[in-house]
Amino acid sequence: MKYKGAVMNDSQMGERGLRHLLSLENMPKEIVIDILDRAGEFLSAASGGAKKVPVLRGKTIFNLFFENSTRTRTTFEIAAKRLSADVVNLNVSTSSQSKGESLLDMVNNLVAMQADMFVVRHSQSGAAHLIAKHVPSGVHVINAGDGRHSHPTQGLLDAFSIRQYKNSFDGLRVAIVGDVLHSRVARSQIHVLKTLGVDDIRVCGPRTLAPETVSDLGVTVFHEIEKAVLGVDVIMMLRLQHERMSGTLLPSPQDFFRGYGLTEERLLLADNDVIVMHPGPINRGVEIASSVADGPRSIILPQVTYGIAVRMSVMAVLLGNSL
Ligand code: CP
């Protein structure tokens, strides 16, 4: 499918449509809707007993995770297997990187093994872009999280989850709370929600973690959670990214919870039908109370389930564009 007039990072586009998934910034709405709709079809098929489909039979997908992951790596593996692809989970810590092999030399060797797709997580922003620029045509790259830049499949699965529970994005009020500064998830959520027409996006955290400059993304910045969650339909909590911050930015976990933790009392300020989301892993008692994380408004575990269908959809769309 061709997307005429698409204004997007050209490095993602091939002649037949989306070739790589690197970022959701400026992603055309029709591509987002196409991915969400196909995810819905995969989800329905799985509920009807057809978990496994032959869409990517004969394709070889490499999971390259240079940074730890539970949800993303595992759901990509399950998604690829459900599409009947062959999946290789490269153990980076025991790979020849430890002998000094460069990232691109490693990729060259995996391409020589006839890789069709790389799913890449890396602590450095831009790592997936670098690989995407390097691989030959016919090979696809999905960014599974790079530094603090982007986590596009998380943004898409979050949008899919919201659509499952709210049906529509019209008039939606969304609060994103926590460590916005270091969060690739928040950036991807904001990009996809803006694309889907959500105008009321409120970002909230201490000034060190939610600086006023975030408003450049077209969101309203709050520093008091009670004001940010007032009347909202969706609350998206973020994990404190300890690994990406210096200690001076962060109050103690207890202070953070006192100021910004999502408690049952604060939840009462939101709309009665509010849904609570979190990309995981959650820090109980730091950004969210256990009673909220496990409570009736939480859709944190359904988000994980939907991640499989959304990742199936993304892989099918990208590889479908090279068939
Ligand atoms: N949400 C997310 O990226 O979780 P993992 O780090 O476990 O993959």
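Just above sits the structure.
Definitions and limits used
- Residues numbered from 1 in each chain as written.
- Predicted model: local features only at pLDDT ≥ 70, side-chain atom pairs only at ≥ 80, totals over all residues.
- Heavy atoms only, no water.
- Phe/Tyr/Trp six-rings, centres within 6.5 Å; stacked < 30°, edge-to-face > 60°.
- Helix = DSSP H or I, 4+ residues; strand = E, 2+ residues; numbered from the N terminus.
- Buried < 20%, exposed > 50% of the residue type's maximum accessible area, 1.4 Å probe, protein only.
- Pairing = 2+ DSSP bridges.
- Axes fitted to C-alpha atoms, helices over the stretch in contact; angles between N-to-C directions.
- Lys, Arg positive; Asp, Glu negative; His and termini not counted.
- Salt bridge = Lys/Arg side-chain N within 4 Å of Asp/Glu carboxyl O.
- Polar contact = N/O pair within 3.5 Å; in protein donor to acceptor, adjacent residues only side chain to side chain.
- Contact = heavy atoms within 4.5 Å.

K.L.:
Looking at this structure, I do not really get the packing of aromatic side chains. What am I missing?
P.N.:
Ring pairs (aromatic) are described by centroid distance and by the angle formed between their planes. All chains considered together, the criterion is met by three aromatic pairs. Pairing Phe62 with Phe118 gives two aromatic rings, centres 5.8 Å apart and planes at 35°, and the pair type is tilted. Of this pair, Phe62 sits in strand β3 (residues 60–65) while Phe118 is found in strand β5 (residues 117–122), placing the two residues 56 residues apart along the sequence. With a relative accessible area of 4%, Phe62 lands in the buried category.

K.L.:
What's the story with the sheet that holds strand β9 (residues 220–222) in this structure? I'm lost.
P.N.:
If you trace the five strands from one edge of the open sheet to the other, you get β9-β8-β7-β10-β11, paired in parallel fashion. Each edge of the open sheet carries a strand with a single partner, namely β9 and β11 (275–277). When the angles between neighbouring strand axes are averaged without regard to direction, this sheet yields 20°. The pairing of strand β8 (residues 200–204) with β9 spans three bridges and is parallel. Following the sheet pairing, Val203 is matched in β9 by Val221.

K.L.:
Is there a simple way to explain the side chain of Asp146 in this structure?
P.N.:
Considering the arrangement of structural elements, one finds Asp146 in strand β6 (residues 140–146). Of the side chains with opposite charge, Arg184 comes closest to the buried, unpaired Asp146, at an N-O distance of 6.1 Å. Among the polar contacts made by the side chain of Asp146, one reaches the main-chain amide nitrogen of Gly126 at a distance of 2.7 Å. In terms of polar contacts, Asp146 uses its side chain to reach the side chain of Asn143, at 2.8 Å. Residues within four places of Asp146 in sequence aside, it is in contact with His122, Gln124, Ser125, Gly126, Ala127, His129 and Arg184.

Geometric values such as these leave the question of function open.
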